[in-house]
Amino acid sequence: LKRFAIIGHQAGPSGDFSLNDLPGSGGRIDILCRCANSSMLLSHGVREDVECYLVLAGDPEKQKTVRFSGSSIRSLSPDERSTGALIKKALSIPCGDVFRESSPGISVRQGGLKELLQEFSFAVLDEKGEDIRDTDRLPDSFLLSDSRNFTEEETGLISGLPAYSVGPEVLHADQAITVLLNEIDRRGI
Ligand SMILES: C[S@@+](CC[C@H](N)C(=O)[O-])C[C@H]1O[C@@H](n2cnc3c(N)ncnc32)[C@H](O)[C@@H]1O
């Protein structure tokens with residue numbers, strides 16, 4: 001199983017954004033939609049061995065995490081708007097600190113990065129990290145930021161984690177996911 005977690009620093013937990021204005025009203029939730037789609041979708045199918053965790057960290061005190069599970073997801077389309085609708089639905093249901101399903105393969109819980117770090121051994125995707133092409137054994141869980149840098153608090157939480165680069169340019173988060181998955185595909189892992 002491969003895992004991606006993306007921190008959405010401006011995206012709030014309430015789901016009261018407009019599907020017609022994902023970047024503005026959603027606090028750049030368009031980035032999270034693209035990351036979910038890049039993580040999960042092939043041209044004609046879904047990556048069944050991938051999970052994608054979107055952390056809605058816009059309100060640091062009330063963070064939520066939406067999980068996309070490739071093994072059970074059904075209706076995921078490549079357009080950002082329909083992915084936004086799935087996130088909106090997830091954020092609309094009451095949830096506690098255990099994942100609760102809002103649509104097939106999509107679940108939500110309270111909590112953010114801190115909780116994820118307690119469960120999985122993440123590596124950070126970072127342009128300054130070790131080149132993935134020079135790495136014999138790639139980790140299976142990767143953490144990314146959205147258009148903003150990690151906050152000071154997050155940087156403290158992740159300071160000891162290994163960091164990997166997919167290339168010399170700073171890419172958009174969804175592009176970095178695509179390049180990494182291409183390397184994983186080529187290695188057949
Ligand atoms: C738009 S970047 C974040 C902003 C960036 N720190 C900056 O200074 O503009 C989004 C995320 O994509 C990932 N990323 C971008 N380029 C990368 C690269 N070359 N290698 C690995 N990860 C990369 C990182 O996880 C980063 O947090």
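Every chain is numbered on its own, with residues counted from 1 as its sequence reads. Since the coordinates come from a predicted model, pLDDT governs what is reported: local features require at least 70, and pairs of side-chain atoms require 80 or more to be given and counted, while whole-chain, interface and lining totals use all residues. As a rule here, side-chain values come from all non-hydrogen atoms in the structure, and water together with hydrogens is ignored.

Enquirer: Sorry if this is basic, but what is going on with the environment of Glu80 here?
Expert: A run of H or I in DSSP counts as a helix once it spans at least four residues, and a run of E counts as a strand once it spans at least two, with each numbered from the N terminus. With respect to the helices, strands and loops of the structure, Glu80 is situated in helix α2 (residues 80-92). The sequence separation of Glu80 and Asp146 amounts to 66 residues, and the corresponding C-alpha distance is 15 Å. Excluding residues within four positions of it along the chain, Glu80 makes contact with Leu22, Asp30, Cys33, Arg34 and Asn37. Only heavy atoms enter the contact rule, under which two residues are in contact if any of them lie within 4.5 Å.

Enquirer: Would you take a moment to explain the site of the ligand for this structure?
Expert: Residue proximity to a molecule or strand is established when one non-hydrogen atom of the residue lies within 4 Å of it. Near the ligand you find 17 residues, and of these Leu125, Asn149, Gly167, Glu169 and Leu171 are the closest. Any pair of N or O atoms that falls within 3.5 Å is considered a polar contact. Within protein, one atom must be able to donate a hydrogen and the other to accept it, and sequence-neighbouring residues count only if both atoms are side-chain atoms. Backbone polar atom of Glu169 to a nitrogen atom of the ligand: 2.8 Å apart, as the coordinates give it. Isolated, the ligand exposes 570 Å² of accessible area, and the fraction of that covered by the protein chains is 82%. A majority-of-atoms criterion places the ligand in the largest pocket. Looking at the shell around the ligand, the elements with two or more residues in it are β8 (123-131), β9 (141-145), β10 (163-165) and α5 (173-187). Per-element tally for the shell around the ligand: the top contributor is β8, with three residues. For accessible areas, the Shrake-Rupley method is used with a probe of radius 1.4 Å. Any residue's cover is judged against the shown protein chains and nothing else. Both site types are read off a 1 Å grid over the protein atoms alone. A 1.4 Å probe that fits but cannot get out defines a cavity, while an open set with protein on both sides within 12 Å along at least five of seven lines defines a pocket; lining residues have an atom within 4 Å of a point. Each molecule is assigned to a cavity or pocket provided more than half of its atoms lie within 2 Å of the corresponding grid points.

Enquirer: Would you take a moment to explain unusual backbone geometry for this structure?
Expert: Here Arg28, not a glycine, exhibits a phi torsion of approximately 60 degrees, which is positive. Looking at the element boundaries, Arg28 is found in the loop between β1 (2-8) and α1 (29-40). Since its relative accessible area comes to 29%, Arg28 is described here as partly exposed. Burial classes: relative accessible area under 20% of the type maximum marks a residue as buried, over 50% as exposed, and values in between as partly exposed (1.4 Å probe, protein chains only).

Enquirer: Would you mind going over the packing of aromatic side chains with me for this structure?
Expert: For any two aromatic rings, the description comes down to two numbers: the centre-to-centre distance and the angle of the planes. Within 6.5 Å between ring centres, the rings of Phe, Tyr and Trp (the latter by its six-membered ring) count as paired, and their orientation is classed by plane angle as stacked under 30 degrees, edge-to-face over 60, tilted in between. All told, the structure shown has four aromatic pairs when counted by the stated rule. Centre to centre, the rings of Phe4 and Phe142 are 5.9 Å apart; their planes meet at 25 degrees, and the pair counts as stacked. Placement of Phe4 in strand β1 and of Phe142 in strand β9 is noted, with a sequence separation of 138 residues between them. For the pair formed by Phe4 and Phe142, the shared burial category is buried. Three or more aromatic residues joined by ring pairs form one cluster here, namely Tyr53, Phe99, Phe120 and Phe122. The cationic tip of Lys88 hangs over the ring face of Phe17; the distance from NZ or CZ to the ring centre is 5.1 Å. Placement of a positive charge over a ring is assigned whenever Lys NZ or Arg CZ falls within 6 Å of the ring centre and within 35 degrees of the normal to the ring plane.

Enquirer: Just checking my understanding: could you explain the nonpolar core for this structure?
Expert: Where a protein is soluble and globular, its nonpolar side chains tend to be buried together. The definition of a nonpolar core used throughout is a set of buried Ala, Val, Leu, Ile, Met, Phe, Trp, Tyr and Cys residues joined through side-chain atoms within 4.5 Å. The biggest cluster of nonpolar side chains holds 42 residues, and the ones touching the most others in it are Phe4, Ile6, Val66 and Phe68. The leading source of residues in this core is α1, at seven residues. Apart from the residues within four sequence positions on either side, Phe4 is in contact with Ser39, Val50, Glu51, Cys52, Tyr53, Phe142, Leu144, Ile177, Leu180 and Leu181. The next biggest cluster of nonpolar side chains, apart from the first, holds 12 residues, and it includes Ala5, Tyr53, Leu116 and Leu143.

Enquirer: I would appreciate a short explanation of the layout of surface pockets in the present structure.
Expert: Where empty space is left becomes clear once a probe the size of a water molecule has been rolled over the atoms. Grid points are joined across faces, edges and corners, and a volume is the space filled by probe spheres set on the points. Each pocket or cavity is described by its volume, and for the largest pocket that value is around 630 Å³. Every element with two or more residues in the lining of the largest pocket is listed here: α1, β8, β9, α4 (152-158), β10 and α5. At five residues, the largest contribution of residues to the lining of the largest pocket is made by β8. Asp, Glu, Lys and Arg are counted as charged, while Ala, Val, Leu, Ile, Met, Phe, Trp, Tyr, Cys and Pro are counted as nonpolar; the rest, among them Gly, fall into the polar class. Across the lining of the largest pocket, the residue classes tally to 14 nonpolar, eight polar and nine charged.

Enquirer: Is there a simple way to explain the sheet that holds β8 in this structure?
Expert: Two modes of strand pairing occur in sheets, parallel and antiparallel, and in both the strands are linked by backbone hydrogen bonds. DSSP calls a pair of strands paired once it identifies at least 2 bridges connecting them. Across the sheet, eight strands lie side by side as β6-β7-β5-β4-β1-β9-β8-β10; this open sheet has mixed pairing. Lying at the two open borders of the sheet, with one neighbouring strand each, are β6 (100-103) and β10. Recorded for the sheet is a direction-independent mean angle of 35 degrees between the axes of neighbouring strands. Pairing of β1 with strand β4 (residues 50-56) involves seven bridges; the strand directions are parallel. Within β4, the position partnered with Gly8 by the bridge is Leu56. Together, β1, β4 and β5 (64-69) form the strand contacts of α1, whose direction differs from that of β4 by roughly 170 degrees. The angle between two axes is taken between their N-to-C directions and runs from 0 to 180 degrees, where each axis is a line fitted to C-alpha atoms and a helix contributes only its stretch in contact.

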